[in-house]
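Survey of secondary and tertiary structure
Here are the chains, one letter per residue:
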Amino acid sequence: MQIEKLRGKELDQLFNAVLSLKNLEECYLFFDDLATVNEIQSLAQRLEVARMLREGKTYHKIETETGASTATISRVKRCLNYGNDAYLMVLDRLNEEEETEE
């Protein structure tokens, strides 16, 4: 885990702050204050790239639809293949939520 090097009081505080958010509107407000628009877009783009890779989409299709570079797509793919399975965990949970809302 790369993030282990950063583990500590400040990162715990950040993650606990995110976990304290109660709804989508609070997330919008918090992240608007916390990060730049480009940083937020990059995070959202990576999650979308992970979703599309999981669905078997090609690099070309992902690049065209998301605007992500091939380097970003490769980085996300490496996390999907050799990471902590966190992308898969989150995508599964999002799919479950979508299914229960339907």
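Before reading on, note that the structure itself is shown above.
An account of the accompanying structure is given in this report.

Analysis parameters
- Residues numbered from 1 in each chain as written.
- Predicted model: local features only at pLDDT ≥ 70, side-chain atom pairs only at ≥ 80, totals over all residues.
- Heavy atoms only, no water.
- 1 Å grid on protein atoms, 1.4 Å probe; cavity = no way out; pocket = protein on both sides within 12 Å on 5 of 7 lines; lining within 4 Å.
- Points joined across faces, edges and corners; volume = space filled by probe spheres on them.
- Helix = DSSP H or I, 4+ residues; strand = E, 2+ residues; numbered from the N terminus.
- Nonpolar A, V, L, I, M, F, W, Y, C, P; charged D, E, K, R; others polar.

1. Some remarks on the layout of surface pockets
In this structure, the largest pocket spans a volume of roughly 2700 Å³. As for the largest pocket, its lining consists of 50 residues, of which L43, L47, A86, Y87 and V90 are closest to the centre. Residue assignment for the lining of the largest pocket shows that the elements contributing at least two residues are α1 (9-20), α2 (24-34), α3 (37-54), α5 (70-82) and α6 (86-101). It is α6 that provides the largest number of residues to the lining of the largest pocket, a total of eleven residues. Among the residues making up the lining of the largest pocket, the classes are represented as 31 nonpolar, five polar and 14 charged.

2. Some words on unusual backbone geometry
Among all residues except glycine, the phi angle is most often negative; among peptide bonds, the trans geometry is most common. In this model, D85 sits at a positive phi of 65°, which is unusual for a non-glycine residue. Along the chain, the position of D85 falls in the loop between α5 and α6.

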